[in-house]
Amino acid sequence: MAGKTVKETIHAKGFDISIYTKDFENEYISLTDIARYKSEAPHDVVKNWLRNRETIEFLGIWESLHNPDFKQVEFDLFRGQAGLNAFTMSPTKWIEGVNAIGIVTKSGRYGGTFAHSDIAFEFASWISAEFKLYIIMDYKRLKSDENSRLSLGWNLNREIAKINYRIHTDAIKGNLIPPELTPEQIC
């Protein structure tokens, strides 16, 4: 992903959940922030979720639908081991193993594990159905606010273009059309 990162925040049941996008199409929601609802050790919660067979199946289907560089053979190895007692999975292991794009890790002060909104909502279901609904509710509010801002900007640009059109046409009439022409000659 290239371009400037845009960050937003969802507020669900007293928890702030970070969202970022670089392409204004794919939004990545912090799994780390969602996991804080369940535990003070959010990285362990994410790893436990990644150990589940159903999770690996879901992630594999999502990647195969959205990622042309998805490594299917490596995925099949993970799927065969998922759910076993000795199976461990981390976000980094998943990303590097199958060349995943649906989950990303960011280091630093505002880092953590982020996932495409489709995946983040699935993770939130695993945490708590109620909490997921609060997340979705505030996510919809955020999208509605964003659409209102974009709509206002579009209308403003349209009005400015309309005003400028009149200014330009009046300038053409006043400066380019010779005053000695009759109205019949101008038409």
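Every value quoted in this text rests on a predicted model; they were computed, and no experiment measured them.

Criteria and cut-off values
- Residues numbered from 1 in each chain as written.
- Predicted model: local features only at pLDDT ≥ 70, side-chain atom pairs only at ≥ 80, totals over all residues.
- Heavy atoms only, no water.
- Helix = DSSP H or I, 4+ residues; strand = E, 2+ residues; numbered from the N terminus.
- Buried < 20%, exposed > 50% of the residue type's maximum accessible area, 1.4 Å probe, protein only.
- Axes fitted to C-alpha atoms, helices over the stretch in contact; angles between N-to-C directions.
- Parallel < 35°, antiparallel > 145°, perpendicular 65-115°, else oblique.
- Contact = heavy atoms within 4.5 Å.
- Nonpolar A, V, L, I, M, F, W, Y, C, P; charged D, E, K, R; others polar.
- Phe/Tyr/Trp six-rings, centres within 6.5 Å; stacked < 30°, edge-to-face > 60°.
- Lys NZ or Arg CZ within 6 Å of the ring centre and 35° of its normal.

J.: Would you take a moment to explain the overall build of the protein chain for this structure?
T.: Along the backbone of the protein chain there are eight helices and five strands. Along the protein chain, from the amino end to the carboxyl end, the secondary structure elements read β-β-β-α-α-α-α-α-β-β-α-α-α. Its C-alpha atoms give the protein chain principal-axis dimensions of roughly 95 × 40 × 30 Å. Here the protein chain, with 187 residues, has 33% of them falling under the buried criterion.

J.: Even after reading the chapter, I still don't get unusual backbone geometry, so can you show me in this structure?
T.: Most peptide bonds are trans, and most residues other than glycine sit at a negative phi. For K13, which is not glycine, the phi dihedral falls at a positive 50°. Of note, K13 is situated in the loop between strand 1 (6–12) and strand 2 (15–21). Positive phi, normally seen in glycine, also occurs at N99, with a value near 60°. Position of N99 relative to the elements: it lies in the loop between helix 5 (91–98) and strand 4 (103–106). With a relative accessible area of 33%, N99 lands in the partly exposed category.

J.: Mind showing me how you'd approach the packing of helix 2 (residues 42–51) against helix 6 (residues 117–127) here?
T.: Where helix 2 contacts helix 6, the two axes come as close as 11 Å, and the packing angle between them is 100°. With respect to helix 6, the axis of helix 2 lies roughly perpendicular. Contacts between helix 2 and helix 6 involve V45, V46, N48 and W49 on the former and, on the latter, I119, E122, F123, W126 and I127. In the contact of helix 2 with helix 6, the residues fall into seven nonpolar, one polar and one charged.

J.: Quick question: what am I supposed to make of the side chain of T32 here?
T.: Along the chain, the position of T32 falls in helix 1 (residues 31–35). Residues in contact with T32, not counting those within four places in the same chain, are P42, H43, G112 and T113.

J.: When you look at the packing of aromatic side chains in this model, what are you seeing that I'm missing?
T.: For any pair of aromatic rings, the description rests on two quantities: the centre-to-centre distance and the angle between the ring planes. According to the stated counting rule, one finds eleven aromatic pairs in the structure shown. When the centroid spacing of 5.6 Å and the interplanar angle of 50° are considered together, the rings of F70 and F75 count as tilted. We classify F75 as buried; its relative accessible area is 4%. Consider the rings of F78 and W94, whose centres lie 6.0 Å apart with planes at 35°: the pair is tilted. A residue pair is termed long-range when its members are at least 10 positions apart, and F78 in helix 4 (residues 72–81) and W94 in helix 5 qualify at 16 residues. Take F78 and W94: they sit in the same class, and that class is buried. One aromatic cluster is present, built from ring pairs that chain together F70, F75, F78 and W94. One Lys or Arg, K38, reaches over the ring of W126 and ends 5.2 Å from the middle of that ring.

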